[in-house]
Amino acid sequence: MDIRIYYEDTDAGGVVYYANYLRYFERARTEYFETRGIFIKDCIPKGFFFVVAHQDIDYKLPAFYADVLSIETKVSKISTASVIFEYTVKNKSSSNVICAGNTVLACVNKDIQPVRIPEEIRGKLQP
């Protein structure tokens, strides 16, 4: 997915504020789910949803106001109750890698206790 950088995304130095990449990862992950027919709002009434259990980001180069970033998202691993998403963020015009990261999502119930990822969901997320 592509993300256009707006002025509000930048810090006083005109560089994308580092924490905004977490928001971009969240958007990319949501798109990944939805393009596979998984809508998180529909999971909640079924008794499960996903929470972030761990996050890593490696920053390589800065991004600036008006840049367009391309976020490549993939599932690298699925276990019984968790899924790992990997991201590569590139400047769309130069193809330079801006950052890379991964997110571990845990599948939980309404009491925030780990539960098995339903087979229907696992099948749609297979790497």
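Structure: above.
Source: prediction; values computed, not measured.

A. Spotlight on the overall build of the protein chain. Along its length, the protein chain carries 3 helices and 5 strands. Shown N-terminal to C-terminal, the secondary structure of the protein chain runs as helices and strands in the order β-α-α-β-β-β-β-α. Projected onto its principal axes, the C-alpha positions of the protein chain cover 45 × 25 × 20 Å. Within the protein chain, buried positions represent 35% of all 127 residues. Of the contacts made within the protein chain by residues no fewer than 6 positions apart, 64% connect residues no fewer than 24 positions apart. Here the protein chain has roughly 7300 Å² of accessible surface; of this, 52% comes from carbon and sulfur atoms.

B. A look at the sheet that holds strand β1 (residues 2–4). On the basis of which strands lie adjacent, the open sheet formed by 5 strands has the order β1-β3-β4-β5-β2 and antiparallel pairing. Edge positions in the open sheet fall to β1 and β2 (49–59), since each of these has one partner strand only. With strand direction ignored, the average angle separating the axes of adjacent strands in the sheet is 25°. Relative to strand β5 (residues 97–108), strand β4 (residues 82–91) is paired through 9 bridges, and the arrangement is antiparallel. In the strand pairing of β5, E86 is matched with N102.

C. Here's a closer look at the packing of aromatic side chains. Using the criterion set out here, one finds 9 aromatic pairs in the structure. Plain terms: the ring middles of F25 and Y87 are 4.1 Å apart, the flat faces sit at 10° to each other, and that makes the pair stacked. One end of the pair, F25, is in helix α1 (residues 20–35); the other, Y87, is in strand β4, and 62 residues separate them in sequence. By the burial criterion, F25 is buried, and Y87 matches it. Members of the aromatic cluster, each reached through a chain of ring pairs, are Y32, F33, F48, F50 and F85.

Rules and cut-offs
Throughout this description, residue numbers start from 1 for each chain and increase along the sequence as written. Local features in this predicted model are restricted to residues whose pLDDT is 70 or higher, and side-chain atom pairs enter the listing and the counts only when it is 80 or higher, whereas totals over whole chains, interfaces and linings include all residues. Side-chain figures throughout are based on the complete set of non-hydrogen atoms in the structure, without hydrogens or water. Counting from the N terminus, the helices are DSSP H or I runs at least four residues long and the strands are E runs at least two residues long. Only protein chains enter the calculation, and the probe is 1.4 Å; a residue is then buried if its accessible area is under 20% of its type maximum, exposed if over 50%, and partly exposed in between. The contact criterion used is simple: two residues touch if any of their non-hydrogen atoms lie within 4.5 Å. Throughout, the Shrake-Rupley method with a 1.4 Å probe supplies accessible areas, and for residues the shown protein chains are the sole cover considered. In this analysis, strands are considered paired if DSSP registers two or more bridges between them. Helix axes use the C-alpha atoms of the stretch in contact, all axes being lines fitted to C-alpha atoms, and the angles between their N-to-C directions lie in the range 0 to 180 degrees. Here the aromatic set is Phe, Tyr and Trp, taking the six-membered ring for Trp, and pairing holds for ring centres within 6.5 Å; pairs whose planes are under 30 degrees apart are stacked, those over 60 apart are edge-to-face, and all others are tilted.

Read these as layout, nothing more, since geometry by itself doesn't imply function.
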